[in-house]
2 protein chains.
Amino acid sequence: MPSVVSFQSSSALQGLAGGAKPGTEQLRRQNLITVLSALRRSGAMSHTGLSVETGLASATVTAVTADLERAGAIERQEQAVSGGRGRPRVMLSPRRSFAHVAAVQISSDAVHYALADYRGTLIDRFSTRRDLEGTPASLLDEVSGAVKRLMERSRLKPEDVSALSLSSKGIVDAEAGRLVWSPVFGDRPVDFAKLLDDLPQAQLALNNETLLVAHAKASRQMQDADAPDFSGLITLSLGHSIGLGIARLDGQGSLAVTAPNFGHMLNAVDDRLCRCGSRGCIEATAGFYGILRLAFQVPPNTIPARFVPLAEMEKIALSARQGTRMAQYAFRQAGLALGQGLSRVLSLYENMPVAITGPGTRFYDLLAGGMEEGLRQSLHVRLNGLPHIDIEPDEAGLVFDGHVDRALAAVDQRVMAVR
Amino acid sequence: MPSVVSFQSSSALQGLAGGAKPGTEQLRRQNLITVLSALRRSGAMSHTGLSVETGLASATVTAVTADLERAGAIERQEQAVSGGRGRPRVMLSPRRSFAHVAAVQISSDAVHYALADYRGTLIDRFSTRRDLEGTPASLLDEVSGAVKRLMERSRLKPEDVSALSLSSKGIVDAEAGRLVWSPVFGDRPVDFAKLLDDLPQAQLALNNETLLVAHAKASRQMQDADAPDFSGLITLSLGHSIGLGIARLDGQGSLAVTAPNFGHMLNAVDDRLCRCGSRGCIEATAGFYGILRLAFQVPPNTIPARFVPLAEMEKIALSARQGTRMAQYAFRQAGLALGQGLSRVLSLYENMPVAITGPGTRFYDLLAGGMEEGLRQSLHVRLNGLPHIDIEPDEAGLVFDGHVDRALAAVDQRVMAVR
DNA sequence: AGATATTTTCTCGACTGTCGAGAAAAACAA
DNA sequence: TTGTTTTTCTCGACAGTCGAGAAAATATCT
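What you see is a predicted model; the values in this text were computed from it and never measured. (Residues numbered from 1 in each chain as written. Chains lettered and ligands numbered in written order. Predicted model: local features only at pLDDT ≥ 70, side-chain atom pairs only at ≥ 80, totals over all residues. Heavy atoms only, no water.)

Around DNA strand D, a shell composed of 27 residues is seen, among which A:His47, A:Arg76, B:Asn31, B:Thr60 and B:Arg85 lie nearest. Within 4 Å of the protein, atoms of DNA strand D come from sugar and phosphate in 74% of cases. Note that a phosphate oxygen of DNA strand D is positioned 3.3 Å from one of the backbone N or O atoms of A:Val90. Contact between DNA strand D and B:Thr60: a phosphate oxygen at 2.6 Å from a side-chain N or O atom of the residue. Those elements that provide at least two residues to the surface near DNA strand D are helix H3 (47–54) and helix H4 (58–71) of chain A together with helix H2 (25–42) and helix H4 (58–71) of chain B. With four residues, H2(B) is the largest single contributor of residues to the surface near DNA strand D. Its residues assigned to classes, the surface near DNA strand D shows six nonpolar, twelve polar and nine charged. (Near = heavy atom within 4 Å. Polar contact = N/O pair within 3.5 Å; in protein donor to acceptor, adjacent residues only side chain to side chain. Helix = DSSP H or I, 4+ residues; strand = E, 2+ residues; numbered from the N terminus. Nonpolar A, V, L, I, M, F, W, Y, C, P; charged D, E, K, R; others polar.)

This is the structure:
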């Protein structure tokens, strides 16, 4: 297994000390965020609860929560019927209206909109079908209008929205807020930064969808008390395209999430054309259109469909389960490509469990054999054994959680920076 | 490109606050190490120099250096001929005898020993030829004896050696100090932890050789003032086996170095047997023995030699340069495998420059074509362009630097922890 | 030689922030 | 009413960093 060591860099030291943080203020900010995120995780906590949860001294909790309350980020819950003896505890929780997050999940055939408050609870949501013939500009218009609608329906003013979190499949330039490559638009970029024109206070986040899935799944596992100590995980999203997210704890114990370009990682040198224009991408074999192409023996240099309806895939799966050779073969090849690709990811990182999500999970029975075969072809798997794989069908839920979790954390960072 | 985001984990927060660090002490430790590492980087610095370099206030530097001097970790240099006007500056530097590091580089055909002081300067070194017929036990004995010899020659007592840093090719369990898989011993493990029996004060570090190369190369680039801002790099070591190291700055700005199992990452599904027992490893095509096998058209299911002398490779290279088809083909295939593998690494991380080291660098002219072809097969390279590749023939120097850098940093950490 | 300028190092008081202990508060029970 | 219990809050101590300016040590000028 690759050994991972964290190490101090000179530039970091300069950055930390030479930055705008006069000494101990850094520490205070850290504790503000610590308390805030603990509070959001459990919804509501008492003073003492926070103390044990964060490890901070009770006096420190007092100071920190006083700050937060003054800033309006948290509030005391009134009716505190503890029931037991002793002074009743006052529950603290994030103040709902302190900030709002608009989450926009752009998928191949639809766009899902959701609004959450500062507690992270869902306030409103709706979806629109996506016009597959649209342009980047039309998509931007549509999203812009829908976000306005989201605000109107909840009577929010533009400045009430503190974060706009977008996700899409494809390749993303997170800093610039640009979608660099996407299944629908190819390399016609989409410049989401423009959406901020209507939202003066908001900060933009644009992430690959699978990154959010990995983030959410990892967060859940870290909160799970009875789970074994978490060190990292891989999420694999199976659908029309293939996504992969990696979440791991780095040296400092913070969670680093990446969404590498797995679907278009080179798998085998074959003649299967991918819609990205390359040949031999994993997706060209394991994406829905790749499976369909193999099953129907369409020539490998054609892209069969821009979008394969799930019903179509179900038909192929049914025929595979009934014994049709080519359908079985198609799924097996898909599994093989996934397994080989995963084995490479495992070789390059350490051993991690894998969670599979997306509509493709319903064909896992047909993919499993090939995946295992592909995994077993590498030394890494021979030495460390097969990774633990589990199936998580509710991808949309994870995406939403990821949106909210990350966006609110970013809001916390920004708010605590100014104080 | 994959987006990388750093994020706070709950466990980390607990760990930080709930740990043994009462409040601001953490901060002080950080500053101690900051100063110490700045001091080691530049050899000697004045008070004011430290202040600007670390960004700490002058008063803080006074406090910190006083601590360090009291602990014996640094000393003031006497003759301080500044030449200019004003009060002459006193130079501070790490005290040479404060700690010593023994570095042991185990390569396929030799073992190199080196001893460095707390300033990081080389005190002594020698090499022994390696007995290829040896066992793990005999290797341990040999290393143990050689380390004793290293200490005797510099008149060091066992407790003067604060760190023993080992490196080898192969797969390493850094925490346990065990070599899990190596080219020479296969999966007969080597338990280096036993070496500590003779060195009561020392802490053991066992790293993949390429990890040290990546670390050292990255450190050099980060110190390089005129270099563009560093964000990460890949080092690729070409030789009898293939090694790859990745160094990148994580969210907190610290350097995270890994040495994934690249040589045995699955490349293509072919019948080329690797000495690890799998088929299709990159090494089976791009390692020296793989090139030799292809060039001489040895059947792909045989391992031609345990160790290929460099002279043998030079002969093949010469004949390739003179136009021999099979020799050219062998190098091209090797380059292709490397390029494809690199393209996968780049897909999985972000775009990074690549530094190639090891004896195989002298055949780079023959490999370059295939590498470029392999790289170009992926969407990632099509979008981001070819990575910048440079050649760094002095692998041994980087390995030594890596040993010393990491080991001394670890010593710092440990020493500052107790205070 | 003595005064002055210059540069560097060190000291002092202020400030921020955390911590432990114990006081105060707010309920229930006798 | 008087304890008991549990939780919250306050207070003084402590650790650490910072800015400003004093002190130190040398070169240069007169």
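This brings us to the protein's contact with DNA strand C. Looking at DNA strand C, there are 27 residues lining it, with A:Asn31, A:Thr60, A:Arg85, B:His47 and B:Arg87 nearest. One of the backbone nitrogen or oxygen atoms of B:Arg87 is found 2.8 Å away from a base oxygen of DNA strand C. Broken down by secondary-structure element, the contributors of at least two residues to the surface near DNA strand C are helix H2 (25–42) and H4 of chain A together with helix H3 (47–54) and H4 of chain B. In terms of residue count, H2(A) provides more of the surface near DNA strand C than any other element does, four residues in total. A breakdown of the residues in the surface near DNA strand C according to their chemical character gives six nonpolar, twelve polar and nine charged.

Turning our attention to the domain arrangement of chain A. All names here are of chain A. Split by domain assignment, chain A resolves into domain 1 (18–94), domain 2 (98–212 + 398–418) and domain 3 (263–387). Once you take the C-alpha centre of each, domain 1 and domain 2 turn out to be 29 Å apart. Domain 1 puts 14 residues into the contact, and the matching count from domain 2 is nine residues. Surface buried jointly by domain 1 and domain 2 totals about 1,000 Å² across both partners, of which 61% is contributed by carbon and sulfur atoms. Contact with domain 2 buries area across many residues of domain 1, yet Arg29, Ile33 and Arg40 alone supply 48% of it, more than any other trio. Inspection of the region where domain 1 meets domain 2 yields one salt bridge. (Domains from an automatic or database assignment. Contact = heavy atoms within 4.5 Å. Buried area = accessible area lost by both parts, 1.4 Å probe. Salt bridge = Lys/Arg side-chain N within 4 Å of Asp/Glu carboxyl O.)

If you walk through the whole model with that rule in mind, you get 39 salt bridges over all chains. A salt bridge links A:Arg28 to A:Asp67; the nearest nitrogen and oxygen atoms lie 2.7 Å apart. Of this pair, A:Arg28 sits in helix H2 while A:Asp67 sits in helix H4; the two residues are 39 residues apart in sequence, bridging distant segments of the chain. Between B:Asp198 and B:Lys148 there is a salt bridge, and its shortest N-O distance comes to 3.3 Å. Here B:Lys148 lies in helix H5 (residues 136–153) and B:Asp198 lies in the loop between strand S11 (190–191) and strand S12 (203–208), a separation of 50 residues in the sequence. On the basis of relative accessibility, which here comes to 34%, the residue B:Asp198 falls in the partly exposed class. Here the salt bridges share partners, and the residues they tie into one network are A:Arg28, A:Asp67 and A:Arg70. (Buried < 20%, exposed > 50% of the residue type's maximum accessible area, 1.4 Å probe, protein only.)

Attention shifts here to the side chain of B:Arg272. Residues and elements named next belong to chain B. On the secondary structure map, Arg272 appears in the loop between strand S15 (255–258) and helix H7 (283–286). Residue class for Arg272 comes out buried when judged on its relative accessible area of 14%. In terms of polar contacts, Arg272 uses its side chain to reach the side chain of Thr285, at 2.9 Å. Not counting residues within four places of it along the chain, the set of residues in contact with Arg272 comprises Ser278, Arg279, Gly280, Ala284, Thr285, Arg293, Leu294, Pro300, Tyr329 and Gln333.

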